[in-house]
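# Observations on the three-dimensional arrangement
Chain by chain, the residues:
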Amino acid sequence: MNRNVKIIGKTLLSGVLILSLVLGGSSFAEAKKISKQESVYVNAKADGTVEEITVADWLQNSGLKSGTVKDSSSLSGITNVKGEETYRQSGEALDWTMAGKDIYYQGKTTKELPVELKLTYFLDGKEMTPEEISGKSGTVKIQVSYENHVKETKTIDGRKVTLYTPFLMVTGMILPSDNFTHVQVDNGRVINDGSNQIVVGMGTPGLAESLDLEEKYEKKIHSGFTVTASVTDFSLGNTFTYASSSLFDEWKPEKGNSFEKLEKQLSDLTDASTVLADGSKTLSDNMALFSGKMGTLKSTVKTYEKDGIKKVTDGINTLAKGGDKLSKGITQYVNGSATLANGTTSYVKGAGQIANGCESLYKEVKNLPSQIKIFGSGLKTYTDGVDKLGSKENVRTLKEGAKGVSSGITDLHSNLTLLKDSYAKTEQLIQQLENSGADPALVANFKTLAKQQKDTVEALESATAKDSELKKGAEGVSSGVATVMDSLSVLASKSSSLTTVTKTLDAQLPVLVDSIKKLKEGGEKLTDNDKKLLSGAKALIKSGKTVKKSTKKIKKGMKTLQKGGKELKKATGQLVSGIGKLDRAGNALNTGAKQLKTGMIQFDETGIQKISSVYKKDIKTLLERIRAIADAGREYKSFSGIGKGMDGEVKFIIETGEIKKDDE
């Protein structure tokens, strides 16, 4: 025990350094539960050979218990070093009688240590014993090696593997600066306080074997360290080594541990990579389909431009030409109506004269010859007008003009179907442009064009419908013109008869005188009907003026329609050009999608999936080994024995003997 006290005093500085490295990670038992804190002090020769082992135990929190504390220990010569509590021992069973305080006791053992320390000395490359190197000068190398004797077999990833209890061993030594220069250590630190160079080295014996790492990584996990220096009159004081199995005590891979998070994230990354690879393939397939459909769309739009738009514009031009014929026919009809109205007026005037003549003839027979001449003259004027108005050329022209108006409106209405049939294609085109991510401005232009087209067609369709005012008016005009002109033809065919009658009347004047009374009465009725005929003639003239105004509006509408047709043709050309650009862009996107698919599949297979495979095969297995190693460290609770149900922690302090110069 005296030598242990000497340790505390002589190596206070090195002890603090060593303990600061390892005790910071030590764990202590939870409150109110007995924990056996065990310190194993080892006295060894200068080469690490064990000479004596003393074990000090502290039954922590035992003072909170009453009665007997049951412990277990293989020590001999057990003594209570702090209190008056007594014990009873049977084999390794140790029962302590409590007196309200923690128990501190110690004993001896010859049990083999779980870890072995060995120091090997070299001078100028030659191995020497401690006795041989004493007092020598030159280049010295001190090789400190640790060997782990505690191992067990566990199953990791379906395989039986050998795992060592994870001991961390730290050795400190003090090298006087007067004797040691150029001090270096390969797995530790050198601290110079001016007078001395304090060397602290460490090792984890058995850990590399337990982890089963590749050789290049295994070399980084040391089972000792080496000190090199230039020395004069070699001597070495006591070295002190601290060993503990609590290396992994603070690493408890519970739920939410970073490794589990890594595994979850790697799984998510693998799934996402697979989805991306599948998505890139789907994108490539869809882009190929899109590119093919763009070719179809391009062909369709060209057909639409060539056939649909051409037919529409040709129909509009034909309609415009028909409008000119319609205008001419209406003009002829109106002029003919005016002629008819004027002739009717003359007829009414002549009829009045006949009536007046009949009345005068009735009153004064002697005035009959002069009145007959006046009547004949008026009748001739009337028949000339009727013959002129009712000529075959006038009748045919007015009939064809009126009929052309109605037929032209019907043709226009029918031709609008071609424009309506293009709605669906136009909407489909706009939808495809939007889905393909085309320029929003281009899509907006297409939408505006489609709306203008639809509005124009709907307006024309409404204006030229069968029940529209334009259609009804054209049909009424056509029917009225036909009726009037047919009547005029009949009337013209009868004018020669009127002339013959006049001659006959002149020849048969005596008979006329006898019938004068009846003629007078008929003349009165004739004048009554002439008033109605005159009113109709005036209305016909007024209607003709209205028809002329409507004709001007129709001609203006035809010009607007022609202008719209030209704009539609121009816009369609722009559409064809835009589709061509979109087709080329689709081909480029298709090529890019194929490259993306190839790259994603390669990235997934040779990148992410490879990482996942390495993790599952290597990292995950390594993680399981670390868990098992950590468990082994926590399970090593005592060197000399521990009572059932107790927590425990054990640490080893190994002191090696000094190497003195011969004259010391």
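Residues numbered from 1 in each chain as written. Predicted model: local features only at pLDDT ≥ 70, side-chain atom pairs only at ≥ 80, totals over all residues. Heavy atoms only, no water.

Looking now at the overall build of the protein chain. When you go through the protein chain residue by residue, the secondary structure sums to 12 helices and 19 strands. By sequence separation, contacts in the protein chain at least 24 residues apart represent 78% of the contacts at least 6 residues apart. (Helix = DSSP H or I, 4+ residues; strand = E, 2+ residues; numbered from the N terminus. Contact = heavy atoms within 4.5 Å.)

Spatially, β3-β6-β5 is the arrangement adopted by the three strands of the open sheet, whose pairing is antiparallel. Both edges of this open sheet fall to β3 (68-72) and β5 (87-90), since each of them pairs with a single strand only. Strand after strand, the sheet turns through a mean of 20 degrees between neighbouring axes, direction not considered. In the sheet, β5 pairs with strand β6 (residues 93-97) via four bridges, with the strands oriented antiparallel. Looking at β6, one finds that S90 is bridged to A93. (Pairing = 2+ DSSP bridges. Axes fitted to C-alpha atoms, helices over the stretch in contact; angles between N-to-C directions.)

Side-chain pairs of opposite charge can arise whenever the charged atoms involved come near each other. All chains considered together, the criterion is met by 12 salt bridges. Here D57 and K36 are joined by a salt bridge, their closest N and O atoms 4.0 Å apart. Here D57, found in strand β2 (residues 50-60), pairs with K36, found in strand β1 (residues 35-44); they are 21 residues apart in sequence, far enough to count as distant. No difference in accessibility class separates D57 from K36, as the two residues are buried. Between D95 and K70 there is a salt bridge, with the nearest N and O atoms lying 3.6 Å from each other. Placement of the pair is D95 in strand β6 and K70 in strand β3, with a sequence separation of 25 residues. (Salt bridge = Lys/Arg side-chain N within 4 Å of Asp/Glu carboxyl O. Buried < 20%, exposed > 50% of the residue type's maximum accessible area, 1.4 Å probe, protein only.)

Let us look at the environment of N192. Note on placement: N192 falls in strand β15 (residues 188-192). Distance in space between the C-alpha atoms of N192 and P176 is 9.6 Å, their sequence separation being 16 residues. A polar atom in the side chain of N192 sits 2.7 Å from the backbone nitrogen of G194. (Polar contact = N/O pair within 3.5 Å; in protein donor to acceptor, adjacent residues only side chain to side chain.)

Time to look at unusual backbone geometry. Leaving glycine out, the prevailing phi sign among residues is negative, and the prevailing peptide bond configuration is trans. Even without being glycine, D124 reaches a positive phi, approximately 50 degrees. Counting through the fold element by element, D124 comes out in the loop between β8 (115-123) and β9 (126-128).

This part is about the pairing of strand β12 (residues 159-164). The pairing of strand β11 (residues 151-156) with β12 spans six bridges and is classified as antiparallel. For K154, the partnering residue across the bridge sits in β12 and is V161. Following β11, the chain reverses through two residues before pairing antiparallel with β12; D157 in that reversal takes a positive phi of roughly 55 degrees.

Among the nonpolar cores identified, the biggest contains 50 residues, and I142 and F234 are the most heavily contacted of them. At five residues, β8 tops the list of elements feeding residues into this core. If sequence neighbours within four positions are ignored, F234 has contacts with Y121, I133, S134, G135, K136, V140, I142, F180, I659 and K661. Judged by nonpolar contacts, the second largest core, of 10 residues, contains L207, A208, I626 and A628. (Core = buried A, V, L, I, M, F, W, Y, C linked by side-chain atoms within 4.5 Å.)

Our focus in this paragraph is the sheet that holds β8. Taken in spatial order, the five strands line up as β9-β8-β10-β17-β14 in an open sheet, and their pairing is antiparallel. Either end of the sheet is taken by a strand with one partner, and the two such strands are β9 and β14 (180-185). Averaged over all adjacent pairs, the angle separating strand axes in this sheet is 25 degrees, with direction ignored. As defined by bridge partners, strand β10 (residues 138-148) adjoins strand β17 (residues 224-231) across eight bridges and the pair is classed as antiparallel. Counterpart to T139 in the pairing with β17 is S230.

Overall, the prediction assigns the protein chain a mean pLDDT of 75, with 58% of residues at 70 or greater. Long-range and interchain partners of residues 1-31, a stretch whose pLDDT sits below 50, account for 48 contacts in this model, where long-range means more than four residues apart. (pLDDT = per-residue confidence, 0-100.)

Judged by how many residues are buried, β8 sits mostly within the fold: seven of nine residues are covered. Bridge count for β8 against β10 is nine bridges, and the pairing is antiparallel. Across the sheet, L119 pairs through a bridge with V144, a residue of β10. Looking at chain direction, β8 and β9 are connected through three bridges and run antiparallel. Paired with L123 across the strands is K126, a residue of β9. Between the antiparallel neighbours β8 and β9 lie two residues, among them D124 with a positive phi of about 50 degrees.

Take the side chain of S244 next. In this fold, S244 is placed in strand β18 (residues 240-244). For S244, the side chain forms a polar contact with the side chain of S246, separated by 2.7 Å. Look past the residues within four positions of S244 in its chain and what remains in contact with it is P166, F167, L168 and V650.

Attention shifts here to the packing of aromatic side chains. Scanning the entire structure with this criterion turns up eight aromatic pairs. Each ring, one from F167 and one from F652, has its centre 6.1 Å from the other, and the planes form 65 degrees; the classification is edge-to-face. In this pair, F167 is assigned in the loop between β12 and β13 (168-176) and F652 in strand β19 (residues 647-656), connecting sequence segments 485 residues apart. Of the two residues, F167 and F652, neither departs from the other in class, the shared state being buried. Judged by centre distance (5.8 Å) and plane angle (75 degrees), the ring pair of F180 and F234 falls under edge-to-face. Of this pair, F180 sits in strand β14 while F234 is found in the loop between β17 and β18, placing the two residues 54 residues apart along the sequence. (Phe/Tyr/Trp six-rings, centres within 6.5 Å; stacked < 30°, edge-to-face > 60°.)

Mapped onto the fold, L236 is located in the loop between β17 and β18. Taking the C-alpha atoms as reference points, L236 and P130, separated by 106 residues in sequence, lie 9.3 Å from one another. Filtering out sequence-adjacent residues up to four positions away, L236 remains in contact with Y121, I142, I174, L175, E658 and I659.

Positionally, V170 belongs in strand β13. Judged by its relative accessible area of 0%, V170 falls in the buried class. C-alpha separation for the pair V170 and S244, spaced 74 residues apart in sequence, amounts to 9.1 Å.

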